[in-house]
Amino acid sequence: MRDENQATYSNTHDNWSSLIGFSPAQGYLAYIYSLVSLVIPPEHVQQAAPKQLNENLNLQLALNAASTYLLTLTIPGAKSFGVFDEDVIEQVLKIFRLLEANNNKSVRANIIWMFFLTICDDLKIVFRYVHFKEHLKPRDRIIRCLLEVLYMNFKVGYQNTCASGLHGKCFELFGEIANEHNGDVYETLHLIMRQTFPMHIYTDSPQIIGAGRRGGAMQSGEHISDWFIQLIDKYPDIVIRILHFYIECVVSNPIKAWKSNDEKVAIGYAAKYDRVLFSKCNKSCADFVLEAVKADDAVGIQTRALDLIEKILLQQSEVEWSIFRYEVSKVPREVPLLREVMRCLNDRTLTVRRKACQVLILALKQGSPMTKKILQESIRFVQFEDTDVEALAEPSAEQNELRFEKPGIVQYAFSFQGHEQLELEVKNVPQTVYQRFLAADNGLARSAGIALLERLVLVNPLIIYNTNFVKETSLLAVDRLASVRKSALDTIETLLEAYSNCFALICVYCRIWACLMSDEDVALQKLAISSFDRMVLKNVQPLEFSNEPKHFMPWRIISTLLMTQPRAYLQERFAVLLERESIVTLVNVIISHLSTSMATDAWGLLLFLSSRITNNMDALIAIFNGLSSYNMKSNQFLALQLIIGCLRNFSKPALNQLFQKLLNALRTGSIWLGIISSAVNLLNQIHHLSTSQSPSIASEVPDWKLSLLEDLTEGILTSAQNFQEEHARLQCLLGAYTEIIVMVAQDVDNRIVSIVFKYLQECTKLSESEFDSDNERMTNWMIVIAGRLCLRENHLANAASKLYRTILTKNDRPQIINTTLIALNDLGKKHPSILESNFQAILSKLHSKFAMTRVRTFRCVKDVILSGNIKLKGPILISMLAGLVDESAEVAREADAFFTRYKRLYNKMLFDHCLKECPFDLNGQAILRGVRTDGNYKSPLKGPQMAKNRRLLYNHIMSSMDENALLLYFGQLKLLAEKTRDPAFINNPGALIVVQDILFIMRRICYCTKGKGKEKSSRGEGDNSDEGEDGPSEAPPPPPRPEAGEAPGRGRGRKADLSEEPLKQLERCLRYVEETHRNLQSVMSPELRHTFESFCQALAMRFPNYIEFAQPAKFWQKFRSSKAPKGARRKRRRMEEDEDDSDEDQESENDSDSEMPLDRHKSTPTGSRLSQRKTSCDMLVTELIFQPPDW
């Protein structure tokens, strides 16, 4: 082509017109085709060869031929003279198979890969000068070959030194291919994007085999995403469309074979594309994502859209335009994204809710500077409000105490625009977390809610005070999942580290921590002790070093525990757990605080740690001797308990001194009433310690109890004669006397009994208004003393019970009545006949005007009934049932717990019988069902004015009955027909109220049974097909086992039989409806008519097939109706949309009388899980755990 003197390109010689004469196109193409075929010769060629082929020579010829052909395509005239041939190009491209066959570290492989570097350079020249716009097939085949090289490198790594270079050459070739003369740029890029779509799951750079370098982070230019981003500068409009296509595909239609992690990686590349498009072109996929996250019935699309939002929120991005700034929105794009994420917290689907929660948590922790600024300002400036917030009465600060004070409301000072779009959503986030996460049935949802709540409170501590934070987080103490309980404690610890000595957080911490101390999971018990070590013991500092709130926090924690938890429970749990854990206790530092304002808390802490104290503690006795003022009473009690627990750690002289001091205090009555019992116990412990060390002389030592008893008797008789001046001393002497008398074998002195009885008799003559605080305090003490004195002897116990009955009859002061009930109950445990003879007087207090009295009475009656001493029937049953609808929430909860336990222990069919008998008994008409009752007893729920309460009670009873038992109640239709035939019955106003109650019950049964049927065939709120992934959600309760002697059901036939009989009975009894209506015509009032018609309509709705053929047809005609079938409704995405999109079926079921009695006392809607978790904790703790401290 060129002579020796021509080394450069020449239009004269470098043209196929000058070559075609001596090098015809057909011959040239055949020559190239043949040489290229030598790289992998066909089998028949190998067989025809005269000798073995030289593979290396053939390889060299084939590669040189391929390179030569590609270069000759760039000579002008190649297409005109037929040199450009698609079949030959296809044959040339087959040499790319060599790369896969020689993908190793051998010398031959290195040579081959090096040749392909040259071939790629040749291809770049071809695509630069040769137009492929009309030859798309070979172009696409070349793209395919290049992509195979890229995918091979990503899968197996760089196998030789030339692999990485060839990897980069492929992207350079893509750049040459993506020119207009090689085909429509959009179509070309669209093809490359489709072909490289699966490449977007690779995050690591291909590893270099043999060089010791593993994958690691992707290097710049090694991934197709970098190539597309580079093209933005060249083809901005086209690349925007291509990248948006990728983003939409990843979110809405990813490759089905991808795993979850692959999808997340692909979404990461989508976020990368979006960030570059937004910064360079002011284009964002935010609008598409906001629509995708609202997708109906497409949980996968919603979660992937939230994943993309998460990536966007975590990376900083802003439009990098210096001109045309007017086109850039002043509202950050993070604002609408965050608003939609917050709305997703209330989505119907649990998976979406959890994902949205995760996005918010990550945005708060690791978000971009703009995201963090938006969230922190929005959360900090919004004023949170909630209903029924538990307002804790914070105690006054101790001397020199540093604490976290409730912050004031921060004035709005937003540094970004569009904050008004977020205000309402941010304001609702805490309440959404409480209702949709902490109250969820799924354990993972509750854990996610805890984590989100922690991040919110770290931004704005006002959430603690202005929302239901305290109440909702306290309930987590008795969550059913150990992981949730652990998360709750960890969260409160984290918050206490941020807001040290915050009283509200301390209250929650104490509630959770106290429950974990006796948790069923031993690991959580250890966690509780470790937490106590971190939060309390390690923060205790001498007063001179206490200069931070966290140094005062241990004392506030101890004081809260002493106020809210049973001390004996805490002491017992510490003794058990400290045996297994090694905790360093700085006893001397704690003792140094006994002379400060934290003295009470220091005594309490020493008491909890008493099992680990081994030091000589004589100094404590000296400190105890100084506790004589009125303000030191609680300290004295704690000190005595501590000394009892560490008795062996004191010296004998110190114990002897203490023994004499306490003995003199008891003898003279100069001791606080609250520590008399502890003082006597300590004296006894010291005495036993002394005798145990020297048993031989124990009999020679005079009995201190007898001598003390004599002195007490004389003191009591003397003080009684001078009652006005020595009544305080008399109380102490009587208390000490009752403690000692039970320890010795002596009868009670009748003179002392007469003094106590005489005082109580005088008190019974006083009216309630004549009692002052001193009088009431003395009376309470005398009631207690009388019970203790009379406990041994039956005749004294009967005499005391008569006094108690008189007090119950004539007095209604809550404290006196409560003390009397406790004393009477204690006497009844030793003398059961006393309770039987006084039970009517006790029962009357169930209707006291004071809620506290009703609660105490209910507990007393409950204990008696559950012990089996009194039968639950007649007036007793009616009074106990009335407790379920009491205005006091505490009484109602006590009643509910009582009946639950009673049915489990004694009579599981109790409510089945009650439902039939209560309409008569509650209205005082038991005689109508043939039962005579006490004529003096009046039902508390009798009369029309109590109709609402009776209906609440019926609803409660029905809610705990199964469907078959409810359907059997329609047998009462026959009873109604028989009763209403009697003129005396229908003319009795009370009997007509009974009829209305029975009709109400049967109407509610229609709704209840229909609702239960629907529940069995439909999902609950928030459930979806992907909830099975959530692992530690609570397992359903096991099916009930058959009772003894009852054959287990088999298959479906047995189940069908269970409901067959009730329905047959209903069908037979429908004829009595018209007869009852006819019998009541003469006395039919408008109210009774409305009740009857409502019942008939409910029957027609619930049992349309039976009503269709019910007789007489004329009566039932107006109640028969047919409903058109309703079409399937689109799934409502947000829970609040349910309220706007109601349905007629639900309107018919949501009867106005469906309220439950216990629901009236719930301040916020709570699921079934809350009621279960509240009753699952150790009874010793739950008695006080949810009560705020009474400061």
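Provided above is the structure to which this section pertains.
Conventions and cut-offs
- Residues numbered from 1 in each chain as written.
- Predicted model: local features only at pLDDT ≥ 70, side-chain atom pairs only at ≥ 80, totals over all residues.
- Heavy atoms only, no water.
- Helix = DSSP H or I, 4+ residues; strand = E, 2+ residues; numbered from the N terminus.
- Buried < 20%, exposed > 50% of the residue type's maximum accessible area, 1.4 Å probe, protein only.
- Contact = heavy atoms within 4.5 Å.
- Areas by Shrake-Rupley, 256 points an atom, 1.4 Å probe, with all protein chains shown as cover.
- 1 Å grid on protein atoms, 1.4 Å probe; cavity = no way out; pocket = protein on both sides within 12 Å on 5 of 7 lines; lining within 4 Å.
- Points joined across faces, edges and corners; volume = space filled by probe spheres on them.
- Nonpolar A, V, L, I, M, F, W, Y, C, P; charged D, E, K, R; others polar.
- Axes fitted to C-alpha atoms, helices over the stretch in contact; angles between N-to-C directions.
- Parallel < 35°, antiparallel > 145°, perpendicular 65-115°, else oblique.
- Phe/Tyr/Trp six-rings, centres within 6.5 Å; stacked < 30°, edge-to-face > 60°.
- Lys NZ or Arg CZ within 6 Å of the ring centre and 35° of its normal.
- Core = buried A, V, L, I, M, F, W, Y, C linked by side-chain atoms within 4.5 Å.

## A closer look at the overall build of the chain
Along its length, the chain carries 57 helices and zero strands. Taking all 1191 residues of the chain together, 52% fall into the buried category. Residue pairs in contact within the chain that sit at least 24 positions apart in sequence constitute 75% of those at least 6 positions apart. Accessible surface, the chain: about 56,000 Å² in total, of which carbon and sulfur atoms supply 50%.

## Examining empty space enclosed by the protein
If you walk through the whole model with that rule in mind, you get six cavities of 30 Å³ or more. Looking at the largest cavity, its volume works out to about 70 Å³. Along its surface, the largest cavity is lined by Cys763, Thr764, Leu766, Phe771, Thr779, Ile807, Lys810, Asn811 and Ile816. Partitioned by chemical class, the residues of the lining of the largest cavity number five nonpolar, three polar and one charged. Of the volumes computed, that of the second largest cavity is approximately 60 Å³. If you trace the second largest cavity, you find it lined by Leu438, Gly449, Ile450, Leu453, Phe469, Thr473, Leu476, Ala488, Thr491, Ile492 and Ile512. Elements represented by at least two residues in the lining of the second largest cavity include exactly helix H19 (443-459), helix H21 (469-475) and helix H22 (482-498). Class assignment of the residues belonging to the lining of the second largest cavity gives a composition of eight nonpolar, three polar and no charged.

## A closer look at the packing of helix H11 (residues 236-252) against helix H14 (residues 299-314)
For the pair H11 and H14, the least separation of the axes is 8 Å and the interaxial angle reads 130°. Classified by the angle between their axes, H11 and H14 sit oblique to one another. Of the residues in H14, those touching H11 at Ile247, Val250, Val251 and Ser252 are Ile301, Arg304, Ala305 and Leu308. Taken together, the residues of the contact of H11 with H14 sort by class into six nonpolar, one polar and one charged.

## Overview of unusual backbone geometry
Gln1111 connects to Pro1112 through a cis peptide bond whose omega is -5°. Of note, Pro1112 is situated in the loop between helix H52 (1104-1108) and helix H53 (1113-1116). Backbone geometry at Phe324 places phi at a positive 55°, although glycine is not the residue there. Residue position: Phe324 is located in the loop between H14 and helix H15 (334-344).

## A short note on the packing of aromatic side chains
Throughout the structure, instances matching the rule amount to 33 aromatic pairs. Of the aromatic side chains, those joined through ring pairs into one cluster are Phe858, Phe898, Phe899, Tyr902, Tyr906 and Phe911. Taking the ring centre of Tyr186 as reference, the NZ or CZ of Arg241 above it sits at 3.9 Å. The ring of Phe278 carries the charged tip of Arg333 above its face, separated from the ring centre by 4.2 Å.

## Observations regarding the nonpolar core
Counting residues in hydrophobic clusters, the biggest one holds 378 residues, and the most contacted among them are Phe174, Trp513, Phe970 and Leu1099. If we skip the residues at most four places from it in the chain, Phe174 touches Ile143, Leu146, Leu147, Leu150, Ile192, Ile224 and Trp227.

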